[in-house]
Structure formats: structure tokens, C-alpha cells
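# Descriptive structure summary
Residues per chain are reported as follows:
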Amino acid sequence: MPELWQLTITDAAERLARREFSAVELTRAHLERIAQVDQRVRAFVTLTADEALRDAEEIDRRRAQGAALGPLAGVPLAIKDVICTRGVRTTCSSRILERFVPPYDATVMTRLRAAGAIMLGKTNMDEFAMGSSTENSAFFPTHNPWDLDRVPGGSSGGSASAVAAGEAMGSYGSDTGGSIRQPGALTNTVALKPTYGRVSRYGLVAFASSLDQIGPFARSARDCALLLGAVAGYDPLDSTSMHEPVPDYVAALTSDLNGLRVAVPREYAGEGVEPGVQACIDQATETLRQLGAEVGVCSLPHTRYGVAAYYIIAPAEASANLARYDGVKYGLSVPDQDDPVAATRAAGFGAEVKRRIMLGTYALSSGYYDAYYLRAEKVRTLIKQDFDHAFADFDVILSPTSPTVAFKLGAKTADPYAMYLNDVFTIPANLAGICGVSIPAGFSEGLPVGAQLLGPSLGEATILRVADAFQRVTDYHTRWPNLGVKPKRRSAARRG
Ligand code: GLN
């Protein structure tokens, strides 16, 4: 019998509805798990245990009254510390926002509360979501539950590790160039970046506004579908959110892959991909074929310029977005007679954030704008056209999520370019605005490997259907890292 913290959201929601256990018991089980493992994993920046238990009590009370409850009623989740939470500090793992308490909820939070979800706390991240390892946090790095000496990926490493370690049933992160999918791959979780505009960005602290999207982490495709459905849809507070109906993502998980056309991009093979990773992707391709899919080869000739274009566009937008941290309105404020703004920014931002601001300011300055920024935007259009052509012939594109498995803490911190190359397979989707999900696809030397399924704009139901079908015949997603905690003698789950 699994412990309560090991249940999927789908199972837990059914058993909560049958009153086999209460929301308070489920929340307590997760808080206990956090107490057991988070000193080593360090997924959380802020815990909101009291609020979580209070909210869980409220759900239990309403259930006892027979009230209609939302689809996530009593489900404990973790939230990346880049998503504004009313009354709970939202730091972006930056000194400059260390004491910032938002006076409002992000739309995603408003929707989660309406769905009955319980927030356990805010998760660690690379400062302002800039990074691929969660080592750029101003506070501490997060560790990979599969090997505590290794990174969980980033920038949503806290949200990924929390789910992988059983500290939360699901979580949300943000993905600007891979920050949901890449940590998903490195921690054996299901991690989805929605189509640009599918989920409201209102209350998401901006990094690069034309690329940022909020999305879920979970331990199954079905859970991921539930978490996406709870937050997706038009929001009048975000002018870039899409006016498109939200399908029932769970109902779309039909397991039927007959006639599905899967493309493997010619240009992605080989270069930089570890053999152990490639072997898992080849195996996944074969599995999809056995499930009835037709597998072919597509060409994405411009994606090799993705990293270069991204590292112009994202820093350019970041340099504008981060201009607001001036120590005047909110956040850190360093009193300095000569230049308080410069003093505040010098003390408040870490090295990587400063590097991005300088890169972006340079790329946007007069004389360089045409040579860099405009050119990068043209490359972006070419990359989008590559995907348009591919999706004319195929339903999904399969690739590795990350060229490597989780690397050692410290291995790439001295070499920003090596760190940037982690995202070569994830960045193109952000530039094109399409959706993608990383799913557990096996292990290489004991470390998780993720397969990325990319879909066209609003193709979430399709990529989730493929992910779910894959998980019906594989068990990688059900495996747990060994965090060396003995199971309790009598679990609450057994009492049910
Ligand atoms: N690793 C990429 C970067 O550092 C992507 C980050 C993200 O998706 N937020 O910008």
C-alpha cells in the first residue's frame, strides 16, 4: 500500500471524495514528508503550513456539508516563487524581492483556489527564472532527489524536485526557454509548457514576456491534464491570453494512437546527446510505433539557431522588464546618496541576472538593434515556419528534452555557455509559441531521462494523449528516488 504522499492526484481526488481520508490528513502527510526530506532536497523557499492546514480544514468542512467542490479540492500543491501569491512573499529567489509580499494573486492562483487546491509553499528557482540548474537562486541550490549531488535542472528546479520527492502531489512552474520541461526530464516528472497564451500570465513576474508561460509538473500525464485544465483559458487581465475554449484534457486521454503521425527531427539526432539519453528516445519511438503510431522524419533546419536567437531576445525583454526594480516602489531599497537606484540593483541582483541585463541592453542599443535584436526576431520567424511545415505532415514531434541527464552541482556554473546549451531542444518551442511536454522515458546510469513531445499551437490534448498512452505501457513515471527514509509502520493510507 502506498503512503498518502505517493498517491497520484487522480487517485487521491477519488479517495477524498469517498472520504477514505481527509484533506487535512493528506496535507499533513505532505508536510511530514517535507519535514523528512526537504533539508536535503531544499525545494521550498517558503512553507505555508498553517495556511495549508486551514484551507484543508475548510475543504473538509465544506465536503461534510455536501457542498459542490472543485476538481482539485484538498490536493496539496507547490508553486514556483515567480507566481504572485497574495499575502505570501514572492521572491523570484532574488535578494531584490526577498521581502516582497504581493497584494494580489496571479490569475493561476485565483483559479487554483477556486478549484480547491491547497498551497503548501513557494518553490526555489534560478533567480528571475534565469538558468538551467536552480544554482542561480540567491538563497541556496535545490538538489535532485535522484542524486543529491546533482542539479534538478532549472529554472523551476524547486517545483520539479518537490513533486519528484513526494513533497507535493503536483506543482506549477514557468517556462521561458525550457524551465518546466528540462527540470521535468532531470527529475522524472511529467512537465508541460502550454501554448503561448493558453494560460494567463497575469501575476507571473515577467522575465521575457513574449516567451513566458506557466505550466504544471505531475507524476502522471493524467494528473498533468487535470492541473492544466484547472488554470487554462482566457483571462481579461492578460491581453496575450487566447480566446479559445478549454477542452476537457482528461477526457481526451483515450489511449488511441492509431494513425498518429510522429516525427523525429533529422537535425536533433546525435550532436551533444548522450548515448544513454539517445537509447531511451529510440526505445520510446519504438514504443509509440507499437502503440499504432506512424513514425517519420521531419526537418527543422533553423532550430540550430534557436539558442543564439533566444539569448538575444530573452535578455532584451528581460532588460526592459527588470528596469522596474529600482528600489523606489517595492523590493530592496539601498539608501545611497549618489545613486540609490544603482546601489539597489548592484546589491539586489545576482551575477547571471546582471549578465542578462547587460546582454539585453547591448542588443537593444541604437546601432546594434538591427544587427542583433531585429535579426534574432527574423530567425524566430524562420523557426516558427519550420514547425508550421512539420506540423502540416505530423501530429507530434519527439525528441530528447535535454541532451544530458542531471549533472553535478557546480559542474557548469563557471561556464554560462555550457549552461545555455542545456536548452537546445526546448528553446525552439518557446520561440514558436507551441506546446510541449517532457515525460519519463527511462534511466541512464540510474538517472532519469525525459522525452519531449512537441505539439502545434493548442495541441495540448494531443501531446497529453500520447503521453498517457505511453504511460499505460511503461512504468518509468511510477518509480521513486531513494531518499533513504524508512516508511512509517502504519500509514494513514492503510486506514482507508
Ligand atoms: N535556461 C533558460 C534561461 O536561462 C530558460 C529559462 C526559463 O525557461 N525560464 O534563460
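Residues numbered from 1 in each chain as written. Predicted model: local features only at pLDDT ≥ 70, side-chain atom pairs only at ≥ 80, totals over all residues. Heavy atoms only, no water.

Turning next to the overall build of the protein. For the protein, the helix and strand inventory stands at 16 helices and 11 strands. Taken along its principal axes, the extent of the C-alpha atoms in the protein is 70 × 60 × 45 Å. Put simply, the protein has 496 residues, and 60% of those count as buried. Within the protein, contacts between residues separated by at least 24 positions form 77% of all contacts whose residues are at least 6 apart in sequence. (Helix = DSSP H or I, 4+ residues; strand = E, 2+ residues; numbered from the N terminus. Buried < 20%, exposed > 50% of the residue type's maximum accessible area, 1.4 Å probe, protein only. Contact = heavy atoms within 4.5 Å.)

The residue after Gly154, namely Ser155, is reached through a cis peptide bond having omega 10°. Of note, Ser155 is situated in the loop between strand S3 (118–123) and helix H5 (157–164). Positive phi, normally seen in glycine, also occurs at Cys92, with a value near 55°. The phi dihedral of Ala129 is positive, around 70°, even though this residue is not glycine. The residue Ala129 is located in the loop between S3 and H5 in this model. Judged by its relative accessible area of 4%, Ala129 is buried.

Before going further, it helps to examine the site of the ligand. Around the ligand sit 15 residues, and of these Gly177, Ser179, Tyr310, Arg356 and Asp423 come closest. Separating an oxygen atom of the ligand from a backbone N or O atom of Gly178 is a distance of 3.2 Å. The side chain of Tyr310 places a nitrogen or oxygen atom 2.6 Å from an oxygen atom of the ligand. For the ligand, whose unbound accessible area comes to 290 Å², protein coverage reaches 100%. Here the residues of the shell around the ligand are counted per class, giving five nonpolar, seven polar and three charged. (Near = heavy atom within 4 Å. Polar contact = N/O pair within 3.5 Å; in protein donor to acceptor, adjacent residues only side chain to side chain. Areas by Shrake-Rupley, 256 points an atom, 1.4 Å probe, with all protein chains shown as cover. Nonpolar A, V, L, I, M, F, W, Y, C, P; charged D, E, K, R; others polar.)

Counting buried residues along strand S10 (residues 435–444), nine of its 10 residues qualify, which places the element largely inside the surrounding structure. Across three bridges, strand S5 (residues 190–193) lies against S10 in antiparallel orientation. For Ala191, the partnering residue across the bridge sits in S10 and is Ser438. Relative to strand S11 (residues 447–455), S10 is paired through eight bridges, and the arrangement is antiparallel. (Pairing = 2+ DSSP bridges.)

All right, on to the confidence of the model for the protein then. Regions with low pLDDT carry predicted coordinates that are not meant to be interpreted in detail. The pLDDT averaged across the protein works out to 96; a share of 97% of its residues lies at or above 70. Below a pLDDT of 50 lies the segment residues 491–496, which in the model reaches 14 contacts outside its immediate sequence neighbourhood of four places, other chains included. (pLDDT = per-residue confidence, 0-100.)

Glancing now at the nonpolar core. Within soluble globular proteins, side chains that are nonpolar tend to cluster in buried spots. Membership of the largest hydrophobic core comes to 141 residues, with the highest contact counts inside it found for Leu72, Leu112, Phe128, Tyr172 and Phe387. In terms of residue count, helix H9 (residues 306–321) provides more of this core than any other element does, nine residues in total. Excluding its chain neighbours within four sequence positions, the residues that come into contact with Phe128 are Cys92, Ser94, Ile96, Leu97, Val205, Phe207, Leu322, Tyr325, Phe349 and Val353. Of all hydrophobic cores here, the second largest spans six residues; its members include Ala185, Leu186, Ala406 and Phe407. (Core = buried A, V, L, I, M, F, W, Y, C linked by side-chain atoms within 4.5 Å.)

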